[in-house]
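Summary of structural features
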Amino acid sequence: MPPNPTLIEKVAVQKAPLRKASLTSALRSSYRSGSLATVLLFLPPALLFFTLFVILPVGEASFFSFFNWNGYGAPHKWVDFENYIRVFNDPVFRVSLTNNLLVILVSAFVQVPLALWVALLIADQTRSSVVFRAIFFVPYILADIVAGLIWRYLFDGDYGIIGTFCRWLGLEAPEVLAQTGWATAALLVVVVWKYFGFHMALFIAGRQNVPMDVIESARIDGATRWNITRFIVLPLMRPVVVLSLFFSLLGSLQLFDLIIALTDGGPLNSSHSAVSYLYTFGIKRMRVGFGSAVGVVLFILCVLVMLFYKRIFMREAESK
Amino acid sequence: MKPLFNYYRWLVLVVVAGFCLIPLWATIIGGFKTNGDLRTNALGLPRQWIPDNYLSIVTTARFWQMLWNSTVIATFTVILTLLVSSLAAYTLAHIRFAGRKWIANYLTLGLTFPFATAVLPVFIRVRDLGLLDTYWGVILPQVAFNLSFSIVLLRSFFAELPRELFEAAIMDGCSYPRIFWKITLPLSRPILATVAVLALVGSWNNYLLPLVTINDDAVYPWPLGIMQFQGQYSTDWGKVLAFVSLTMVPAITLYLLAQKQIIAGLTSGAVKG
């Protein structure tokens, strides 16, 4: 008569994890639990998509950027760094990067403070706060294209709000979007309009994470509203502010649709961003090599921003 | 609350709300005005309500065709993004295998750069696959560029699900694919909703990718259609404003229906830090 089978099983189960698994037994057990099959089934779709449409294209962009190529046939006209030299010597590209920088500055010094200010006024759960929160987020859910077209109308000198105001005052309405400098300023206004709701939502989430009891005890100790904000709430929200600035940086480097709809880069190519420059001078004219060089420059900028952010973030985490 | 602070709070909020809403108001009523009316009366109600601009748009097949195109592209993008990224995230969260860390790091490389950096090679890839002027030429690259962030979000959520559940399921002889389907996915609805919102809004509003991969206006998603329309009627602002207003309807409807999920989804970067 065989010994009690359940007992043997129990012992085996207990011993199994202790036994040092050989490769074959590891494979066998992973086969039995289905983990190997799962890995082989579940991972390839993601790897395939990602490699084919993300990683390879980035690699190809750096390869193409050394050619003079219109995209047809195989690239064969190797031109060394000529595309890069042309990009950096192009005054329009420099203007575009300056515009990107302006967007970042306006974001940091106008948009983010505005969003923070408003967020602190409506972070509670009163009905008015909930309604205003919903309103302020509306521009953000619209497509950039839509935002650009709406403001193209508003800034139109013949129609639009500016035109109406000026006629009320008896002035001749300026064509805001047709003048260099003013067109870029208009773009900055639209960026603030479109994106401040996003930053506000980040800040409201951040404000709600500030522990209530700290604020309560400060209030009991007689701290004023301003002091609570200044010495408790704002310092605790620092990480969210850093995050929000980081989003501004990345957002600026991607700015495209808004510009195409608002000014199309004009007048005189004065209101381009890096991406709309890439589109107008690389893609539209099928200059694959040149456009790829711009893409690579953009890529390097993004990586730098990312590293910069990581360093700051690490320092923030350490100082806690 | 002190009354003085209350006045100040309301003043600020009302001014900012005006800044947000007046442009939208001017756009929507602008669609009901004649061009002469628009010229002299940008903010007020129309002197005479003219529904023609709106009617002439909603009665054309082209308008509905491009909304349909965008809907198809967005639907497939959301489904494929959810499917592909949750499969990968599940594997990376729950199964130990050689090279797991390496693959996880590889799949998050996409967080570093935006689509624009690779747009030309993507165009060439789509062309060589014969997918120009098709829905797939937009859907596939969109899914690929959604993966990194979706996998990061899903994987950290999956990893925080209670371990005991999995151990118990495995003891009962439940296979990994079954666990995925019966336990992980049903427990992960909130994060799946977040990923879906991000993919949906990103696809619905995408302009650059279809701009390069679609030329045939029968396949135009609405952002391309609206720019084409604007090019055609550039001086006829009444028509353009009506068109813009109509394209805002789906976005605002969805926002009113699922405001909480949408705000949480679009700001999910904050949660992850």
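Since we're looking at a predicted model, the values are computed, not measured.

**What to know about the overall build of chain A**
- Broken down by element type, chain A carries 15 helices and 0 strands.
- Split into buried and exposed, the 320 residues of chain A put 40% on the buried side.
- Counted over contacts in chain A with a minimum sequence separation of 6, partners at least 24 positions apart contribute 67%.

**Some remarks on the overall build of chain B**
- A count of helical and extended segments in chain B gives 15 helices and 0 strands.
- On C-alpha atoms alone, chain B measures out to a radius of gyration of 23 Å, which is more than a quarter above the 19 Å that the 2.2 N^0.38 rule sets for 273 residues.
- Taken along the three principal axes of its C-alpha coordinates, chain B extends 75 × 65 × 30 Å.
- Relative to its full complement of 273 residues, chain B shows a buried share of 45%.

**Let's talk about the interface of chain B and chain A**
- Listed as interface residues are 75 residues of chain B and, on the opposing side, 74 residues of chain A.
- It is helix α1 (residues 3-30) of chain B that provides the largest number of residues to the side of chain B that touches chain A, a total of 12 residues.
- Tallied by class, the residues present in the side of chain B that touches chain A amount to 57 nonpolar, 15 polar and 3 charged.

**Regarding unusual backbone geometry**
All names here are of chain A.
- Put simply, glycine 266 and proline 267 share a cis peptide bond, and its omega is -10°.
- Counting through the fold element by element, proline 267 comes out in the loop between α13 (257-262) and α14 (274-283).
- Positive phi, close to 55°, is recorded for aspartate 264, a residue that is not glycine.
- One non-glycine residue, leucine 268, lies in positive phi territory at about 55°.
- Relative to the helices and strands, leucine 268 resides in the loop between α13 and α14.

**As for helix α7 (residues 144-154) of chain A**
- Most of α7 of chain A is tucked away: 11 of the 11 residues are buried.
- Taken as a whole, α7 of chain A has its buried residues at Asp144, Ile145, Val146, Ala147, Gly148, Leu149, Ile150, Trp151, Arg152, Tyr153 and Leu154 of chain A.

**Concerning the confidence of the model for chain A**
- Within chain A, residue pLDDT values average 86, and 88% of them lie at 70 or more.
- In this model residues 1-20 of chain A is a low-confidence stretch, pLDDT under 50, and it forms 1 contact with partners more than four residues away in sequence or in other chains.

**Side note on the nonpolar core**
- In terms of nonpolar packing, the biggest core is built from 158 residues, with Ala46 of chain A together with Ala88 and Val119 of chain B touching the most fellow members.
- Ignoring any residue separated from it by four or fewer positions in sequence, one finds alanine 46 of chain A in contact with Val84, Ser85, Leu87, Ala88, Leu107, Leu147 and Ile151 of chain B.

**Focus on the environment of alanine 147 of chain A**
Residue and element names in this part refer to chain A.
- Within the element layout of this structure, alanine 147 appears in helix α7.
- The exposure class assigned to alanine 147 is buried, which follows from the 24 C-beta atoms found within 10 Å.
- Between the C-alpha atoms of alanine 147 and proline 113, which are 34 residues apart in sequence, the distance is 22 Å.
- Here alanine 147 is in contact with Pro139, Leu142, Val190, Lys194 and Leu258, once residues within four sequence places are set aside.

**What to know about the environment of glutamate 172 of chain A**
- Within the element layout of this structure, glutamate 172 of chain A appears in the loop between α8 (160-168) and α9 (182-208).
- On the basis of neighbour counts, which here come to 9 C-beta atoms within 10 Å, the residue glutamate 172 of chain A falls in the exposed class.

**Remarks on the packing of helix α10 (residues 189-205) of chain B against helix α14 (residues 259-266) of chain B**
Residues and elements named next belong to chain B.
- The interhelical angle for the contact between α10 and α14, taken along N-to-C directions, is 80°, at an axis separation of 8 Å. Judged by the angle between their axes, α10 and α14 are roughly perpendicular. Within the contact between the two elements, α10 uses Ala193, Thr194, Val197, Leu198 and Val201 and α14 uses Gln261, Ile262, Ala264, Gly265 and Leu266.
- A per-class count over the contact of α10 with α14 returns 7 nonpolar, 3 polar and no charged.

**Thoughts on the confidence of the model for chain B**
Residue and element names in this part refer to chain B.
- Scored by pLDDT, chain B has a mean of 90; 97% of the residues are at 70 or more.
- When the elements of chain B are averaged for pLDDT, helix α15 (residues 268-272) gives the smallest value, 55, and helix α4 (residues 61-94) the largest, 96.
- Both confidence scores are given for the complex: pTM 0.89, ipTM 0.92.

**Quick notes on the environment of isoleucine 85 of chain A**
Residue and element names in this part refer to chain A.
- Summarising the element assignment, isoleucine 85 is placed in helix α4 (residues 82-89).
- On the basis of neighbour count, isoleucine 85 is assigned to the exposed category, with 12 C-beta atoms found within 10 Å.
- Sequence separation of isoleucine 85 and phenylalanine 290 is 205 residues, and the distance between their C-alpha atoms is 10.0 Å.

The rules behind each value
- Residues numbered from 1 in each chain as written.
- Chains lettered and ligands numbered in written order.
- Predicted model: local features only at pLDDT ≥ 70, side-chain atom pairs only at ≥ 80, totals over all residues.
- Helix = DSSP H or I, 4+ residues; strand = E, 2+ residues; numbered from the N terminus.
- Buried ≥ 20, exposed ≤ 12 C-beta atoms within 10 Å, placed from the backbone.
- Contact = placed C-beta atoms within 7 Å.
- Rg over C-alpha atoms; globule rule 2.2 N^0.38 Å.
- Nonpolar A, V, L, I, M, F, W, Y, C, P; charged D, E, K, R; others polar.
- pLDDT = per-residue confidence, 0-100.
- Core = buried A, V, L, I, M, F, W, Y, C linked by C-beta atoms within 7 Å.
- Axes fitted to C-alpha atoms, helices over the stretch in contact; angles between N-to-C directions.
- Parallel < 35°, antiparallel > 145°, perpendicular 65-115°, else oblique.

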